[in-house]
Amino acid sequence: MSFLANASAFRPSRLVRSALLASVVALSGLAAAPVDAQEIRAVMHSGIRVLDPVITTAHITRNHGYMIYDTLLGMDENLKPQPQMASWSVSDDGLSYTFTLREGLKWHDGAPVTSADAVASLKRWGQRDGGAQMMFKSVESLEPTDDKTFVLKLSEPFSYVLELMAKPSGLPTFIMPERVASTPPGESITDYTGSGPFKFVEAEFEPGVRAVYDKNEDYVPRDEPPSWTAGGKVVNVDRVTWVVMPDVQTAVNAINGGEIDFLEQTPIDLLPLLQANPDLTVEVLSPLGYQTMARLNWLNPPFDNVKIRQAAMTALGQEPILAALVGNPDYMKSCGSMYGCGTPFATDAGSEPIMSGPQPDKAKAMLEEAGYDGTPIVLMQPTDVPSIAPQPVVAAQLLRQAGFTVDMQPMDWQTLVTRRASQAPVAEGGWNMFFTNWIIPEVWSPINNPMLNGGGKEAAWFGWPNDPELDEMRTKFAQANDEETRKTIAADIQAHAFEVVNYIPVGEYTIPSTSRDTLSGMLKMPVPVFWSVEKSGN
Amino acid sequence: MLAYIARRILASVPVMIVVALFVFLLLRLTPGDPAAIIAGDMATPAQLDQIRQSLGLNEPLVTQFVTWSGQLLSGDFGRSLISRTPVLTLIGQRLEPTLSLAIVTMIITLVLSIPMGVLAAWRHGSLTDSAVMAVSVLGFSIPVFVTGYIFIQIFAIDLRIFPVQGFKSISEGFWPFFSRIFLPALTLATIYIALIARMTRAAMLDVLGEDYVRTARAKGLSERVVLFRHALRNAAVPILTVVGTGFALMISGVVVTESVFNIPGLGRLTVDAILARDYPVIQALILLTSGIYVVINLLIDISYAFMDPRIRY
């Protein structure tokens, strides 16, 4: 009652006047007076949630890493390591690497980058990256000698040091301040101070919605022209905003309508909607593309038997799987190399069983010879990831045609990644087979390729091949000093890996990107980066 | 009335406790591992275990529940396991888009559906009635994403009146806000218009046959006064129930509409959190949703007393 009695104090005329005034202010746009900065609005392949590019190998977090951090070395388009933050010299015996940081390197908070920062970052990287872990087994010491210089000493030859430090994907060597790099490797960092060409705008970060990067005005780029992750990282825009759009049709509509400037991954089936627009450019920025592959579990029957693994590979073929996955021949190709086609170590060695296409009769005979007893193969199918969902469906049919009993189990990707970590028998939550994809730089050498690790239950990747012979060959590869020897060993490793069916590559594909014609200078490389890009207008 | 409200609020406490316990256990029994999402494709089992350890996921369930409950009681909903952002910050970021969408949808719905329902009941059996019912059936039957894409094609791509997607806060100006929220709200409203128009029509038909309506007409009151002051007010109780639960449903998230129009609301946050098994975020969202339902049901019950003087608490 008292509320009603006082209500007359709110005279309608005053209320109306206030509302009108507020509306006029809002309509005139005075309420939000944005400064017209030159901004690239990009829809990346997924939203970023994990901000630590060392704890995760997620590509979106790697891309974030390239925005705000710099790398010690870069890799050019000829796949050669080049100086980026540091130059280097190697002792005559190949056991000592001296790195010298270049002038002008500064953290986003203004402090200089020191060799102690680089050493701490390399040590954290060495605990997470598979190739780096292998390298660090041969490292005797890694210490700064002064503010600008540090030395890596090896206890035994390991000639792949520079290639590992320069690799563009997997876990690149993002350099962080020492205080950040001292975070335990199993714990995410919470301080996002980098020294890269962009600064992360943490205040505007909304996980699953958007991430914002402002130009780092203090960044001093190298003088050389850009080439992959090497050369000068010259930023020509004020801001880059990654907008998350969970619906690809919405993203396609948005770039068609000029609401975004760049769409990292264009779905092949929606290409006609974009190719008809003269204001858009659709092109493959990463011609090396992706490798799609099947992994078998060596721990559980029937794939604990090499002959049955060989029969499975003989039953499969690349063409039918690629046709279901991609469909458009412009964006897919068969490839018999575990290292990806068009890479320095590409070879066909040992690939005949998978490159001959599905051979159900031969596979059937092999199964009979192996004494296959009809044990069902639990094939995990992630229904929520379009780039991995079709492969198991085709594979299941091909395997059945060859006489396998297949139990294809649909599940979401999150359930799959949890279950694939299980080393238990199938009846207790284990598994037999799944598919996944890699970008080619993640598999292009025996050291980088995570599958080619024969460390068994303790050290190998999911599927856990126990293959000491493979690991010996990898060590020889890492110790080889010349390119020809490396190529020979890489071919031997691949032949061996196909022989024991370490994993089954089932083809390669590329994904086109779309950009509005207001953008120019996008670099063609395996990682989408925003240096060198220019934008006309806002 | 105050004693009733206090009783209802107290009664909601055990409900929330049961929800909290149920959600906690259900999530832990669901297959999935946040560490695997964080680590990416290359992680080895040992590395996954390292992450689980640092997130406290290796602790016994009882310990995890006690820790979480203790945090809750001190108003701390924890941090996202994936992004390490405080859960309340994440929810806070998504509240404005969700509330904006719900409120604008409800305004469009009420402005259109109640007159439609009243008109259909008033002209019961006529062509108008059939037309209103046909529109309702259509609005109800077409999936919301289809309606959304049709509106985008017409109003955003062909006519270029509104943007295709996105959300702008009202603090950035009325037109930037309205131009982005209108199409999703209209899309969502098609379902609620259909529902509430039908409900209004049915409730009005019941009431229009009552003696007091005949008496009102006999007194010579105008049809407008009979319909809106006498009949509609008495038909309001079931309509309010549908409006209230519909509003609660919208606040707890409308994933498809949010995805089609790229509105960063609570629905998308919920789906993302579930896909990533981001336990603290899912737990907080379900608690929040339960809380919203408790409050809205309470408000609906209280509003009955204002609409129908016979109802007393």
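Bear in mind the structure is a predicted one, so any value in this text is a computation, not a measurement.

Student: In this structure, what is going on with the interface of chain B and chain A? I would like to understand it.
Tutor: In this assembly, 48 residues from chain B lie in contact with 45 residues from chain A. Elements supplying a minimum of two residues to the side of chain B that touches chain A: helix 2 (34-39), helix 3 (45-55), helix 5 (87-122), helix 7 (144-158), helix 8 (174-208), helix 12 (255-260) and helix 13 (266-275) of chain B. The greatest single-element share of the side of chain B that touches chain A, amounting to 7 residues, is contributed by helix 3 of chain B. Looking at side-chain class alone, the side of chain B that touches chain A contains 24 nonpolar, 17 polar and 7 charged residues.

Student: When you look at the confidence of the model for chain A in this model, what are you seeing that I'm missing?
Tutor: Per-residue pLDDT for chain A has a mean of 92; in total, 93% of the residues score no lower than 70. Across residues 1-34 of chain A, confidence stays below pLDDT 50; counting only partners more than four residues off in sequence or on other chains, it has 17 contacts.

Student: Whenever I open this one, the sheet that holds strand 4 (residues 86-90) of chain A confuses me. Can you help?
Tutor: Either a parallel or an antiparallel arrangement is found when strands of a sheet pair, and the pairing is made through backbone hydrogen bonds. All names here are of chain A. A sheet is described by the order of its strands in space; here 4 strands give the open sequence 4-5-7-6, paired in antiparallel fashion. Pairing within the sheet leaves two strands with one partner each, and these edge strands are strand 4 and strand 6 (139-144). The average undirected angle you get between the axes of adjacent strands in this sheet is 15°. The strands that helix 4 (residues 115-128) touches are strand 4, strand 5 (96-101), strand 6 and strand 7 (149-154); relative to strand 6, the one it contacts most, it runs at about 150°.

Student: Explain the sheet that holds strand 8 (residues 198-200) of chain A to me, please; I cannot follow it from the model alone.
Tutor: All names here are of chain A. Pairing is mixed across the open sheet formed by 7 strands, whose spatial order is 8-9-10-1-11-19-12. Edge strands, defined here as strands with exactly one partner in the open sheet, are strand 8 and strand 12 (280-283). Of the strand pairs in this sheet, strand 8 and strand 9 (residues 210-215) are connected by 3 bridges, and their pairing is antiparallel. Of the residues in strand 9, the one forming a bridge with Phe198 is Lys215. Against the sheet, helix 3 (residues 59-68) touches strand 8 and strand 9, its axis set at about 120° to strand 8.

Student: Would you take a moment to explain helix 3 of chain B for this structure?
Tutor: Each α-helix turn comprises 3.6 residues. Residues three or four places apart therefore point the same way. Taken together, the buried positions of helix 3 of chain B are occupied by Gln47(B), Gln50(B), Ile51(B) and Leu55(B). Relative to the axis of helix 3 of chain B, the buried residues are bounded by an arc of 130° and lie together on one face. Turning to helix 3 of chain B, the residues buried within the fold contact helix 4 of chain A together with helix 2 of chain B. Note on helix 3 of chain B: the residue one or two positions beyond its end, Gly56(B), has a positive phi of about 80°.

Student: How do you make sense of the packing of helix 13 of chain B against helix 14 (residues 279-307) of chain B when you look at a structure like this?
Tutor: A pair of packed helices is characterised by two quantities: the angle between their axes and the separation of those axes. Residues and elements named next belong to chain B. Where helix 13 contacts helix 14, the axes come no closer than 8 Å and their chain directions differ by 140°. Relative to helix 14, the element helix 13 lies oblique. Of the two elements, helix 13 crosses helix 14, and the hand of that crossing is left-handed. Counting all contacts with helix 13, which are made through Leu266, Leu269, Thr270, Ala273 and Ile274, the residues of helix 14 involved are Val281, Ile282 and Leu285.

Student: Sorry if this is basic, but what is going on with the UniProt feature "transmembrane region" (unreviewed entry) in chain B here?
Tutor: All names here are of chain B. Here, UniProt's "transmembrane region" (unreviewed entry) annotation points to residues 9-27, 99-122, 134-157, 177-197, 237-261 and 281-307. Counting secondary structure, residues 99-122 comes out at 100% helix and 0% strand; the distance between its end C-alpha atoms is 34 Å. Within residues 134-157, the helical portion is 92% and the strand portion 0%, while the C-alpha atoms at the span's ends are 28 Å from each other.

Student: Just to check I follow, could you spell out helix 13 (residues 360-370) of chain A for this structure?
Tutor: Residue and element names in this part refer to chain A. Listed as buried for helix 13 are Ala363, Met366 and Leu367. Buried residues along helix 13 cover an arc of 100° about the axis, so they all sit on one side. Opposite the buried face of helix 13, at more than 90 degrees from it, the exposed residues are Glu368 and Glu369. Tucked into the core, helix 13 has its buried residues touching helix 10 (306-315). Taken from the residues just after helix 13, Gly371 is the one with a positive phi, measuring 75°.

Student: How should I be thinking about the UniProt feature "domain: Solute-binding protein family" (unreviewed entry) in chain A in this particular structure?
Tutor: In this numbering, the UniProt entry assigns the feature "domain: Solute-binding protein family" (unreviewed entry) to residues 81-445 of chain A. Between the end C-alpha atoms of residues 81-445 of chain A there is a gap of 14 Å, over a span that is 27% helix and 20% strand.

Student: Even after reading the chapter, I still don't get the domain arrangement of chain B, so can you show me in this structure?
Tutor: One widely used convention gives an interface's size as the accessible area the parts lose upon coming together. All names here are of chain B. Split into domains, chain B comes out as domain 1 (2-73) and domain 2 (93-308). For domain 1 versus domain 2, the distance between C-alpha centres works out to 33 Å. Mapped onto the side of domain 1 that touches domain 2, the elements with two or more residues apiece are helix 1 (2-29) and helix 2. Of the residues contributing to the side of domain 1 that touches domain 2, the split by class is 10 nonpolar, 2 polar and 2 charged.

Student: Just checking my understanding: could you explain the packing of helix 7 of chain B against helix 8 of chain B for this structure?
Tutor: Residues and elements named next belong to chain B. Between helix 7 and helix 8, whose axes approach to 9 Å, the crossing angle comes to 140°. Between helix 7 and helix 8, the interaxial angle falls into the category oblique. Along this stretch, helix 7 crosses helix 8, giving a crossing that reads as right-handed. Residue-level inspection shows Val144, Thr147, Gly148, Phe151, Ile152, Phe155 and Ala156 of helix 7 in contact with helix 8, the latter providing Leu183, Leu186, Thr187, Leu188, Thr190 and Ile191. Classifying every residue of the contact of helix 7 with helix 8 by side-chain character gives 9 nonpolar, 4 polar and no charged.

Student: How should I be thinking about the nonpolar core in this particular structure?
Tutor: One recurring pattern in soluble globular proteins: nonpolar side chains tend to sit buried together. Grouped together as the largest cluster of nonpolar side chains are 218 residues, with contacts concentrated most on Ala294(A), Ala312(A), Ala315(A), Leu316(A) and Ile504(A). By residue number, the principal contributor to this core is helix 8 of chain B, which donates 17 residues. Each of domain 1 (2-73) and domain 2 (93-308) of chain B gives at least three residues to this core. Among residues more than four places away in sequence, those in contact with Ala312(A) are Leu296(A), Leu399(A) and Phe404(A).

Rules used throughout
- Residues numbered from 1 in each chain as written.
- Chains lettered and ligands numbered in written order.
- Predicted model: local features only at pLDDT ≥ 70, side-chain atom pairs only at ≥ 80, totals over all residues.
- Contact = placed C-beta atoms within 7 Å.
- Helix = DSSP H or I, 4+ residues; strand = E, 2+ residues; numbered from the N terminus.
- Nonpolar A, V, L, I, M, F, W, Y, C, P; charged D, E, K, R; others polar.
- pLDDT = per-residue confidence, 0-100.
- Pairing = 2+ DSSP bridges.
- Axes fitted to C-alpha atoms, helices over the stretch in contact; angles between N-to-C directions.
- Buried ≥ 20, exposed ≤ 12 C-beta atoms within 10 Å, placed from the backbone.
- Arc of directions from axis to C-beta.
- Parallel < 35°, antiparallel > 145°, perpendicular 65-115°, else oblique.
- Left-handed = near helix turned anticlockwise from the far one by under 90°.
- UniProt positions renumbered as here; feature names shortened; annotations may be inferred.
- Domains from an automatic or database assignment.
- Core = buried A, V, L, I, M, F, W, Y, C linked by C-beta atoms within 7 Å.

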